[in-house]
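Architecture and fold: a report
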2 protein chains.
Amino acid sequence: MTDVLDQDPDYRAAVVDLLGVLALGELMAFERLAEDAKLAPGITDKAELAAMAAAEFHHFERLRDRLVELGEDPAAAMEPFVTALEEFHARTAPNDWLEGLIKAYVGDGIATDFYREVSALVDPRTRELVLEVLEDTGHAEFAVDRVRKAIEADPRMAGRLALWGRRLVGEALSQAQRVAADRDALANLLVSGRVPAGFDLAEVGKMFARLTEAHTRRMAALGLSA
Amino acid sequence: MTDVLDQDPDYRAAVVDLLGVLALGELMAFERLAEDAKLAPGITDKAELAAMAAAEFHHFERLRDRLVELGEDPAAAMEPFVTALEEFHARTAPNDWLEGLIKAYVGDGIATDFYREVSALVDPRTRELVLEVLEDTGHAEFAVDRVRKAIEADPRMAGRLALWGRRLVGEALSQAQRVAADRDALANLLVSGRVPAGFDLAEVGKMFARLTEAHTRRMAALGLSA
């Protein structure tokens, strides 16, 4: 499928953007999970978080290797997204262990759903890699279990944590808008779609509806209202 | 070699201590490298540190799995060393990227040399695992390169960084003494030695001389006086 990438510079730019933002996301997920591991209430939970962090790092490696294979500089491909991702993480720094778990579960959930939607619009080789690095690293089940138990133990927490979930979505959307405004190639990939014929605007609306529904399901799994 | 472990409860306690302190050390090295990755001056350096952190985590996994195989609770085996290791890291929190690199290089260097000495005193199966997890994760070359370049660019740094190296050794020794005082089984393993006949006190003195020499060589490799 490298021919598609060679023949169409706009498409190539979009794929490099996609791999770049995913690679940076994985690298920052690594950092964040490693940071959250420090908040873990015990060594076993710490080790669980560290395992997820290591898995995210290996996803990063796969994306970086693909960028190198395409003749791209991985650092340059990631650079355009540093500000948006750093700002997202700075604005949503968890205050405790539970907020960290929810951020990882809810935030990664939305990101994963979004990238999975995008993967439908790209060539098979890129799609395969994107789907591979989106594989759940075991975080979801772990987070749901820990958050539910904490809310059972102290139901008053639910209000604060539900607000936290809403804040995460708001910040994620605002940074996503920023990226869409800055990166034409990536935005064009999503809206006009290149391979195959992509989403029209009505379809983009439906995609957002799907993302929102999935988010509501995740909040419910945690025992929280969306 | 599990028979040795089954037949001699003191020896078994010493091996569990050894695997526990190593496992905790690897898990904390993971955390520290992930933390240092945040100080990295660019995405490429960040990714290098993250790769080393992931490698340390996989070492931790090997040690944890061996503890489980021996019927031990890994968290319980690590617990006795939490205070000493946390105190070491709290007292030697790097102020910048270079201090972090030196800490990783010099600190891991001493720890690796020490555990390698200990590995001569244990059964072959334990020895093999210890030597495997001590394998260099690529950090040494990376740290030496970055620190030398920084000192070349600004030679006035050398004094501060040399002091930092001395402080690291002092704190490491003081925590090691604490562990030796608290954990009889581990201390007995080193001093009396079980399998094979271990170090006598004169040999312990020589071991310290070897550790000190190796430390001096590492500082010299960085371009610093020990």
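Each value, and the rule that gives it
- Residues numbered from 1 in each chain as written.
- Chains lettered and ligands numbered in written order.
- Predicted model: local features only at pLDDT ≥ 70, side-chain atom pairs only at ≥ 80, totals over all residues.
- Helix = DSSP H or I, 4+ residues; strand = E, 2+ residues; numbered from the N terminus.
- Rg over C-alpha atoms; globule rule 2.2 N^0.38 Å.
- Buried ≥ 20, exposed ≤ 12 C-beta atoms within 10 Å, placed from the backbone.
- Contact = placed C-beta atoms within 7 Å.
- Core = buried A, V, L, I, M, F, W, Y, C linked by C-beta atoms within 7 Å.
- pLDDT = per-residue confidence, 0-100.
- Axes fitted to C-alpha atoms, helices over the stretch in contact; angles between N-to-C directions.
- Parallel < 35°, antiparallel > 145°, perpendicular 65-115°, else oblique.
- Left-handed = near helix turned anticlockwise from the far one by under 90°.
- Nonpolar A, V, L, I, M, F, W, Y, C, P; charged D, E, K, R; others polar.
- Least-squares fit on C-alpha atoms with pLDDT ≥ 70 in both.

Points about the overall build of chain A
- Looking only at helices and strands, chain A has 11 helices and 0 strands in total.
- Secondary structure of chain A in N-to-C order comes out as α-α-α-α-α-α-α-α-α-α-α.
- The C-alpha atoms of chain A give 18 Å as radius of gyration, which agrees with the globular expectation for 226 residues (17 Å, within 12%).
- Expressed along its principal axes, the backbone C-alpha trace of chain A runs to roughly 60 × 35 × 25 Å.
- Buried residues in chain A amount to 39% of all 226 residues.
- Within chain A, contacts between residues separated by at least 24 positions form 76% of all contacts whose residues are at least 6 apart in sequence.

Some thoughts on the nonpolar core
- If you look at the biggest cluster of nonpolar residues, it comprises 121 residues, and the most contacted ones within it are Ala50 and Ala53 of chain A together with Ala50 and Ala53 of chain B.
- Sequence-distant contacts of Ala50 of chain A, defined by excluding residues within four places in its chain, comprise Ala34 and Ala37 of chain A together with Leu27, Phe30 and Phe57 of chain B.

A look at the confidence of the model for chain A
Residue and element names in this part refer to chain A.
- When pLDDT is averaged across chain A, the result is 87; 95% of the residues are at 70 or more.
- For chain A, per-element mean pLDDT is lowest for helix α1 (residues 2–7), which scores 75, and highest for helix α4 (residues 74–78), which scores 96.
- As a predicted assembly, this complex carries a pTM of 0.80 together with an ipTM value of 0.72.

Side note on the packing of helix α2 (residues 9–39) of chain A against helix α2 (residues 9–39) of chain B
- For the pair α2 of chain A and α2 of chain B, the least separation of the axes is 9 Å and the interaxial angle reads 130°. With respect to α2 of chain B, the axis of α2 of chain A lies oblique. Crossing hand, α2 of chain A versus α2 of chain B: left-handed. Between α2 of chain A and α2 of chain B, the residues in contact are Glu31, Ala34, Ala37 and Lys38 of chain A and Glu31, Ala34, Ala37 and Lys38 of chain B, respectively.
- When the residues that make up the contact of α2 of chain A with α2 of chain B are grouped by side-chain class, the tally is 4 nonpolar, no polar and 4 charged.

Topic: the relation of the copies chain B and chain A
- In the superposition of chain B on chain A (RMSD 0.0 Å, axial shift 0.0 Å), the rotation amounts to 180°. Taken together, the rotation and translation describe the operation of a two-fold axis. Nearest to the rotation axis, the C-alpha of Ala54 of chain B is located 2.4 Å from it, this being the minimum over chain B.

Quick look at the environment of Ala29 of chain A
Residue and element names in this part refer to chain A.
- By secondary structure assignment, the location of Ala29 is in helix α2.
- With 30 residues separating them along the chain, Ala29 and His59 place their C-alpha atoms 10 Å apart.
- With near-sequence residues (within four places) excluded, Ala29 lies in contact with Glu56 and Asp108.

Things to note about the interface of chain B and chain A
- Chain B puts 21 residues into the contact, and the matching count from chain A is 21 residues.
- Those elements giving two or more residues to the side of chain B that touches chain A turn out to be α2, α3 (43–69) and α4 (74–78) of chain B.
- The leading source of residues in the side of chain B that touches chain A is α3 of chain B, at 12 residues.
- Each residue belonging to the side of chain B that touches chain A can be placed in one class, and the counts come to 14 nonpolar, 3 polar and 4 charged.

Describing the packing of helix α5 (residues 82–91) of chain A against helix α9 (residues 157–182) of chain A
All names here are of chain A.
- Remark: α5 packs on α9, axes separated minimally by 10 Å, with the N-to-C direction vectors making an angle of 165°. Viewed along their axes, α5 and α9 adopt a mutual orientation that is roughly antiparallel. Seen along the crossing, α5 lies across α9 with a hand that is right-handed. The segment α5 lies against α9, with Ala84, Glu87, Phe88 and Arg91 engaging Glu171, Ala172, Gln175, Arg178 and Val179.

Here we look at the environment of Leu24 of chain B
All names here are of chain B.
- Looking at the element boundaries, Leu24 is found in helix α2.
- According to the C-beta neighbour criterion, Leu24 is buried, with 25 such atoms within 10 Å.
- Residues Leu24 and Ala76, 52 residues apart in the sequence, show an inter-C-alpha distance of 11 Å.
- Ignoring anything within four residues of it in the chain, the contact list for Leu24 reads Met78, Phe81, Val82 and Leu85.

Some points on the environment of Gly165 of chain A
- Tracing the backbone shows Gly165 of chain A in helix α9.
- The residues contacting Gly165 of chain A, other than those within four sequence positions of it, are Ile102, Val106, Met219, Leu224 and Ala226 of chain A.

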